Amino acid sequence: MEFKVDSQEFKKILATCIKGYNHKEDSSYVLFEIDKKKRKLNVKCRSNTTLFRGSIPLRSLTIEDDDLIEYSVDGVTLKQILSVLPDTPVSVDFSIRNSIVDRVFTIKFPGISKVKLNIESMPLIHEEEKVEFLGEISADEFSHRLNNSLKLTSNDSQSQDSSQSAVHMFFDKTTITMMGTNSIVLGEFKLEDFDYKLEDPFTLLIKHQQASLLMKNVEANEVFRLVKTPTMFGYIDKDEILSLVSVVDMVPVKYEFLKELIVREDEIIIDKNRLKETLDIFSKLSPQDAYVRIFFSKADKLKAQVFSDNEDVFDLPLVNQLLTEDVTLIFSKSALLSTLQIINKEVKLIFKAENSQASVVKFESLNEDSENEEKVFLAVATTPDATN
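Now for a look at the structure at hand. (Residues numbered from 1 in each chain as written. Predicted model: local features only at pLDDT ≥ 70, side-chain atom pairs only at ≥ 80, totals over all residues. Heavy atoms only, no water.)

1. Considerations on the overall build of the protein chain
Condition: Counting from the N terminus, the helices are the DSSP runs of H or I reaching at least four residues and the strands are the DSSP runs of E reaching at least two. Relative accessibility thresholds used throughout: buried, under 20% of the residue-type maximum; exposed, over 50%; partly exposed, between the two (1.4 Å probe, protein chains only). Residue contacts are defined here by distance: any two heavy atoms, one from each residue, within 4.5 Å place the two residues in contact. His is not counted, nor are the chain ends, whereas Lys and Arg count as positive and Asp and Glu as negative. Taken as the charge centre is NZ of Lys, CZ of Arg, CG of Asp or CD of Glu, depending on the residue.
Of regular secondary structure, the protein chain possesses seven helices and 27 strands. Taken along the three principal axes of its C-alpha coordinates, the protein chain extends 85 × 50 × 40 Å. By the burial criterion, 49% of the 388 residues in the protein chain qualify as buried. A sequence separation of at least 24 residues applies to 67% of the contacts in the protein chain between residues at least 6 apart. Put simply, the protein chain has 48 plus and 64 minus side-chain charges, and the middle of one group is 4 Å from the middle of the other.

Right, here's the structure in full:
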């Protein structure tokens, strides 16, 4: 048997589908299926927590009646082949002398005279669930919100049994709300232009590792068709590739009370880049410090001071502030840096100072016109000042 595929099409489908293969999992597999009638190569990568599936047209196909049409192939070698496939549109040739006896594909393309792809024993095929269509949404908006949620979702080993290790997705009739938290920072991101097809709202939790597999580079104006099964969630992209990852049965984190807890009495506006520059200097001179202590004076609207554990002092320029009293805010350095990744141009800190401190601070991301991005809610917990 011989067949040929276009290198660009093969590379595109493989780059997405191979994310569904986990070489550390014995039950994970990669399947090639030859569709003789439609003259297509179907690719399916499966693990206990993923299902990625797509197809590309065959440039040519030479096959005998007794040739096998389904093969389990070596996923590790396939990843290696993916890394050397040319970007230019050339032919990738697959051949096997006897599909029943031989256990290897021979692959050829310009620059590679021959590379072997082992055929493995057919695995126990996972039973596929019914895929339910949810609706359509901008791929760029979906990916942007998911990426922000992932930045804040805990991925450390200590939190894996907690809901903090999962991206939360709340679906209602017109809105998708994503949320990520690591117990110090919490971010909520809304998608309101969702063409929704179901009547009943529902909630999904997806572990950080699985949710990150849904991230991909998208094209302008690309649309995702969101889908789910009883145990998985994902989408179908413009190339008709199905990407599904497992959801987990965990109790969602309750956080609505945070919105009521934060009172808009004190406000500070800081340029994101100036804050990041100050933190970079702080990190270089005090790399061992896990926390950042910032003192804001009611009398000084244009400058704050950042203190290290060694009492080094760094000046932090402000855009403006409206304070009812002097206040010291102590943030986790790593939490502060992760939050800044989500901020646009300027950040407005909102809180209610009590005894020169605040337990929770709302971070508003301001755009070029100094307007708040209303579809984003960011809350950052502070550490009590023991010197106060």
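2. A short note on the packing of aromatic side chains
What describes a pair of aromatic rings is the distance from one ring centre to the other and the angle between the planes of the rings. The line we're drawing: The pairing test for Phe, Tyr and Trp rings, Trp by its six-membered ring, is centres within 6.5 Å, and the orientation test on the planes gives stacked under 30 degrees, edge-to-face over 60, and tilted for anything in between. Lysine and arginine charges are scored as sitting over a ring when NZ or CZ, respectively, is within 6 Å of the ring centre and within 35 degrees of the ring normal.
Applying the stated criterion across every chain, the model contains 16 aromatic pairs. Between the aromatic rings of Phe 94 and Phe 105, the centroid separation amounts to 6.0 Å while the plane-to-plane angle is 90 degrees, which identifies the pairing as edge-to-face. With Phe 94 in strand β7 (residues 91-95) and Phe 105 in strand β8 (residues 104-109), this residue pair connects regions lying eleven residues apart in the sequence. Like Phe 94, the residue Phe 105 is buried in the burial classification. Ring centres of Phe 171 and Phe 233 lie 5.8 Å apart, and the angle between their planes is 65 degrees; on these two criteria the pair is classed as edge-to-face. In this pair, Phe 171 sits in strand β11 (residues 166-171) while Phe 233 sits in strand β17 (residues 232-236), placing the two residues 62 residues apart along the sequence. Across this residue pair, the class does not change: Phe 171 and Phe 233 are buried. Ring pairing ties together the aromatic residues Phe 3, Phe 10, Phe 32, Tyr 71, Phe 94 and Phe 105, which thus form one cluster. Here the guanidinium or amino end of Lys 228 rests over the ring plane of Phe 202, the centre of that ring lying 5.2 Å away. The cationic tip of Lys 259 hangs over the ring face of Phe 377; the distance from NZ or CZ to the ring centre is 5.5 Å.

3. Description of empty space enclosed by the protein
Applicable threshold: Grid points spaced at 1 Å and placed over the protein atoms alone form the basis of the search, with a cavity being a set where a 1.4 Å probe fits but cannot get out and a pocket an open set showing protein on both sides within 12 Å along at least five of seven lines. Lining residues have an atom within 4 Å of a point. Grid points are joined across faces, edges and corners, and a volume is the space filled by probe spheres set on the points. Classification convention: Asp, Glu, Lys, Arg as charged; Ala, Val, Leu, Ile, Met, Phe, Trp, Tyr, Cys, Pro as nonpolar; all other residues, Gly among them, as polar.
Summed over all chains, the structure comprises one cavity of 30 Å³ or more. Empty space within the largest cavity amounts to approximately 50 Å³. Elements represented by at least two residues in the lining of the largest cavity include exactly β4 (50-57) and β18 (242-246). Classifying every residue of the lining of the largest cavity by side-chain character gives five nonpolar, one polar and five charged.

4. Focus: the nonpolar core
The cut-off we apply is this: Residues grouped as a nonpolar core are buried Ala, Val, Leu, Ile, Met, Phe, Trp, Tyr and Cys residues, joined through side-chain atoms within 4.5 Å.
Membership of the largest hydrophobic core comes to 59 residues, with the highest contact counts inside it found for Phe 10, Phe 142, Phe 171 and Leu 226. Setting aside anything within four residues of it in sequence, one finds Phe 171 in contact with Leu 134, Ile 176, Phe 194, Tyr 196, Pro 201, Phe 202, Leu 204, Leu 226 and Phe 233. One finds Val 185, Ala 304, Leu 340 and Phe 351 within the second-largest nonpolar core, a separate group that totals 35 residues.

5. Things to note about the sheet that holds strand β22 (residues 313-317)
This is how the line gets drawn: Two strands pair if DSSP finds at least two bridges between them. Only C-alpha atoms enter the line fits that serve as axes; for helices the fit covers just the stretch in contact. Angles between N-to-C directions range over 0 to 180 degrees.
Here four strands make up an open sheet; going across it, the order is β22-β21-β20-β24 and the pairing antiparallel. The two strands at the open ends of the sheet, each matched to only one other strand, are β22 and β24 (327-332). Within this sheet the neighbouring strands show an average axis-to-axis angle of 30 degrees, counted without direction. Relative to β24, strand β20 (residues 291-296) runs antiparallel, the two sharing six bridges. Looking at β24, one finds that Phe 296 is bridged to Val 327. Lying over the sheet, helix α6 (residues 272-285) contacts β20, β21 (303-307) and β22, oriented at roughly 170 degrees with respect to β22. Contacts between helix α7 (residues 333-340) and the sheet are confined to β20 and β24, with β24 contributing the most and set at about 85 degrees to the helix.

6. Digging into the environment of Gly 180
By secondary structure assignment, the location of Gly 180 is in strand β12 (residues 176-181). In sequence terms Gly 180 and Tyr 255 are 75 residues apart; their C-alpha atoms lie 11 Å from each other.

7. Section: a negative patch on the surface
What counts here: Each patch is assembled from residues with relative accessible area greater than 30% and no salt bridge, linking like charges that lie within 9 Å and nonpolar side chains (Val, Leu, Ile, Met, Phe, Trp, Tyr) that lie within 5 Å. Shrake-Rupley sampling with a 1.4 Å probe provides the accessible areas, and residues are treated as covered by the protein chains on show and by no other component. For this document, the term salt bridge refers to a Lys or Arg side-chain nitrogen within 4 Å of an Asp or Glu carboxyl oxygen.
Judged by side-chain charge, Glu 192, Asp 193, Glu 368, Asp 369, Glu 371 and Glu 374 come together as a negatively charged surface patch. Take Glu 368: it is sitting in the loop between β26 (360-366) and β27 (376-381).

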